[in-house]
Amino acid sequence: MHIVVCIKQVPDSAQIRVHPVTNTIMRQGVPTILNPYDLFALEAALRLRDQIGAEVSVLTMGPPMAEDTLRKALGFGADRAVLLTDRAFAGSDTLATSFALAQAIRRMGEEWGEPAIVFTGKQTIDGDTAQVGPGIARRLGLNQVTYVSAVTDIDPAAGTIALQRRAEGGVQEITTRLPALITMLEASNEVRRGSLPEALRAARAKVEVWNAAQAGITDMMKCGLRGSPTVVKRVFAPPARAVSAEKIDTTAGENSDIAEALIGQIYARQPALEGELLRMAAGY
Amino acid sequence: MKKELPEHFRAYRHVWVFVEYEHGAIHPVSLELLGEGRKLADKLGVELAGMLLGSDRAALAEATGQVFEYGADLVYMVADPVLEHYRNEPFTRAVTDLVNTYQPEILLLGATVLGRDLAGAVATTLLTGLTADCTELAIDDERSLAATRPTFGGSLLCTIHTLNYRPQMATVRPRVLPMPPRQPGRLGRVVERALDLREDDIVTKVLRFLPDRDSQKSELAYADIVVAGGLGMRSPENLQLVRALADVLGGEWGGSRPLVQKGWMTADRQIGQTGKTIRPKLYIAAGISGAIQHRVGVEGADLIVAINTDPNAPIFDFAHLGVVADATEILPVLTEAFRKRLSVNRLAG
């Protein structure tokens, strides 16, 4: 059985800074990480491999330096890695991204067997859209199951899989048919530590690097900016509020005085709140 | 960049809201979207429609009343047994079928787990643009939907357009938009449409639905009072101080994104762009610096109180009241002060 895991190299968002004067992103020196949600997707794939035997391929689309992220995935135990990289993909929105990734997955299927499952994280931490997984599912005709918290059973012979997924207000227990696209929820498993032999193997392993043509992509009108129906018209920092916070005086008095002053200000600004709190406390 | 809208899209008119209807109730985010959709439709001079999908025809017919009272002129209704539980396949089919038949120019969905699962599949099927988690929607001078959302991990905002494709799709998270007033007695038309799909054709089966036991988890977004902690709380144990204040105030508690990343609390308590958006009457942020991704999740609060040691922390730019102090010292004292005030009254009352 062949399993593909889509991963992404993302900027470590905790490190992103905006230039205070020009309001532009200070990209320099921002470290990149493997999108944290993708680790749960990778672990789910590796567990299935441990359980029933499978080959796990990782795939990413990005600049040449995204190879680091693939090596990290190899270090966790993935069997092979494909980097899809081409200047033609620059400026892709989620629709164009899902087109390119779907084509690459088709190509991987020809090379190493049709994937029974494509795993992704529930979303990335840079785009936060959660749209690329469903996009790949639609383009490849895979059964789409998002926000999966557990893979409870799989029957490769029958081509079925049982899953638990997060739904509004509860959990759905579902079954579906393979091939499927599954997006994994955070904390759905505990990500393994890569072993030393795997780390050594990862350092030596060859990462397949494909450009658009090598991935079998011929319709360049569906790639990059041209293939993206959405257009970013403006990027800006949100305006500050006209008046910044009124500060409670902390220089005079004890902490209890500060607390009393704060409560006084809260009630002064939200006069209805005091009555509501009192009624709540009195058990109404 | 701007080309003429292709001929076959020019017939696309009207604003639609996907109305999330499950377990006998409409999700509040759908009502919030109807309020916003009404404004967009009025600006464009077109109608506002709700899409209502489910298995129980009589229950759906009753729910249409609520959709009208929150601003819709008409409801597209699809009642079919295969729509009993949410599943991607039949819902995507029903929505794309309605869109292709009646051709709306704008389609809005709630950015819930259901809405996100559906929106991505629908947009890809229709090959159109979709902007997730918008914080502001507007119509520009060229009748185009301007969808603003945080970008770069929430450090900046960007405005996105879908110029040459229709419908223009966007999702908005619960509580980002205000709840519009209900207009009792407001009426509209119902257009019913059949779904050409049999249960045997659908490969995904829902065996069971297990409702969340901890109902409080889902209440954070709609709580009147919220207390949240950030890295300034310094340890996972200190989050107890946040919970204690929330308890005394009868509110909910949560935290900023780094606390989830550090494993101090679970993701369902996260407040901000990638967590819950809240609009409480009172929000107390303890030891939270106030990155933009947090700010967009709390800006709708009536009163924001920030406690932070750093007088230059960005949170003081959008909080109403600020205390420059160590939150781990102030919170217990504040909790005690509230407790005294509230218990005195209980004895007196």
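Residues numbered from 1 in each chain as written. Chains lettered and ligands numbered in written order. Predicted model: local features only at pLDDT ≥ 70, side-chain atom pairs only at ≥ 80, totals over all residues.

Okay, the overall build of chain B next. Looking only at helices and strands, one finds nine helices and 18 strands in chain B. By principal-axis analysis of the C-alpha atoms, chain B measures approximately 65 × 45 × 40 Å. Counting only residues that meet the buried cut, chain B has 55% of its 349 residues in that class. (Helix = DSSP H or I, 4+ residues; strand = E, 2+ residues; numbered from the N terminus. Buried ≥ 20, exposed ≤ 12 C-beta atoms within 10 Å, placed from the backbone.)

When its secondary structure is counted, chain A shows seven helices and 15 strands. At 24 Å, chain A has a C-alpha radius of gyration far larger than the 19 Å of a compact globule built from 284 residues. Referenced to the eigenvectors of the C-alpha coordinate spread, the extents of chain A come out at roughly 70 × 50 × 40 Å. Residues counted as buried form 46% of the 284 residues belonging to chain A. For chain A, the proportion of contacts with a sequence separation of at least 24, taken over those separated by at least 6, is 70%. (Rg over C-alpha atoms; globule rule 2.2 N^0.38 Å. Contact = placed C-beta atoms within 7 Å.)

It is worth spelling out the domain arrangement of chain B at this point. All names here are of chain B. Structurally, chain B comprises domain 1 (8-201) and domain 2 (216-348). The gap between the C-alpha centroids of domain 1 and domain 2 is 32 Å. At the junction of the two partners, domain 1 supplies twelve residues and domain 2 supplies eleven residues. Residues of the side of domain 1 that touches domain 2, tallied by class, amount to five nonpolar, four polar and three charged. (Domains from an automatic or database assignment. Nonpolar A, V, L, I, M, F, W, Y, C, P; charged D, E, K, R; others polar.)

Another point: the sheet that holds strand β7 (residues 80-84) of chain A. Spatial ordering of the open sheet is given by β13(A)-β7(A)-β6(A)-β1(A)-β8(A)-β12(A)-β9(A)-β10(A)-β11(A)-β13(B), a layout of ten strands whose pairing is mixed. The open sheet is flanked by β13 (207-210) of chain A together with β13 (205-211) of chain B, the only strands paired with a single partner. Strand-to-strand twist in this sheet, taken as the mean axis angle between neighbours without regard to direction, amounts to 30°. Where strand β11 (residues 170-177) of chain A lies against β13(B), six bridges are found, and the strand directions are antiparallel. Bridge pairing in β13(B) places A:E173 opposite B:R208. Relative to strand β8 (residues 115-121) of chain A, helix α1 (residues 36-52) of chain A is tilted by about 150°, and along the sheet it contacts β1 (2-6), β6 (55-61), β8, β9 (143-155) and β12 (180-184) of chain A. Here helix α3 (residues 94-112) of chain A sits on the sheet and contacts β1, β6, β7, β8 and β13 of chain A; the angle it forms with β6(A), its principal contact strand, is near 150°. (Pairing = 2+ DSSP bridges. Axes fitted to C-alpha atoms, helices over the stretch in contact; angles between N-to-C directions.)

Here we come to the packing of helix α2 (residues 67-76) of chain A against helix α5 (residues 196-204) of chain A. Residue and element names in this part refer to chain A. The interhelical angle for the contact between α2 and α5, taken along N-to-C directions, is 145°, at an axis separation of 7 Å. Crossing handedness for the pair α2 and α5: right-handed. Every residue of α5 that contacts α2 at R71, L74 and G75 is listed here: E198, A199, R201 and A202. Tallied by class, the residues present in the contact of α2 with α5 amount to three nonpolar, one polar and three charged. (Left-handed = near helix turned anticlockwise from the far one by under 90°.)

Residue and element names in this part refer to chain A. Here R107 is to be found in helix α3. Considered as a pair, R107 and I217 are 110 residues apart in the sequence and their alpha carbons are 9.3 Å apart. Once residues lying within four places of it in the same chain are set aside, the contact partners of R107 are A215 and G216.

Counting 131 residues, the largest nonpolar core has A:V5 and A:L42 as its most contacted members. Beyond its immediate chain neighbours, meaning those up to four positions away, A:V5 contacts A:A41, A:L42, A:A45, A:V56, A:V58, A:A78 and A:F119. Counting residues in hydrophobic clusters, the runner-up holds 55 residues, among them B:L220, B:V248, B:L282 and B:L334. (Core = buried A, V, L, I, M, F, W, Y, C linked by C-beta atoms within 7 Å.)

All names here are of chain A. Where α3 contacts helix α4 (residues 132-140), the two axes come as close as 8 Å, and the packing angle between them is 50°. Put simply, α3 runs oblique to α4. Seen along the crossing, α3 lies across α4 with a hand that is right-handed. Residues T94, L95, T97, S98, F99, L101, A102 and I105 of α3 form the contact with α4, whose own contacting residues are V132, G135, I136, R139 and L140. Partitioned by chemical class, the residues of the contact of α3 with α4 number eight nonpolar, four polar and one charged. (Parallel < 35°, antiparallel > 145°, perpendicular 65-115°, else oblique.)

Each side of the interface is counted separately: chain A has 73 residues, and chain B has 83 residues. Looking at the side of chain A that touches chain B, the element that brings in the most residues is helix α6 (residues 255-269) of chain A, giving ten residues. Looking at the side of chain A that touches chain B residue by residue, the classes come out as 36 nonpolar, 21 polar and 16 charged. Of the pairings in the sheet, the one linking strand β14 (residues 230-236) of chain A to strand β10 (residues 156-162) of chain B comprises six bridges and is antiparallel in character. The partner of A:V231 across the bridge, within β10(B), is B:H161.

Moving on, we get to the environment of A:G91. Residues and elements named next belong to chain A. Tracing the chain through its elements places G91 in the loop between β7 and α3. By C-beta crowding, G91 is classed as partly exposed, having 15 other C-beta atoms within 10 Å. Here the alpha-carbon distance between G91 and V231, two residues 140 residues apart in the chain, equals 9.4 Å. Setting aside chain neighbours within four positions, we find G91 in contact with G224, L225 and S228.

What follows is about the domain arrangement of chain A. Splitting chain A by domain gives domain 1 (2-222) and domain 2 (240-284). Between the C-alpha centres of domain 1 of chain A and domain 2 of chain A the distance comes to 47 Å.

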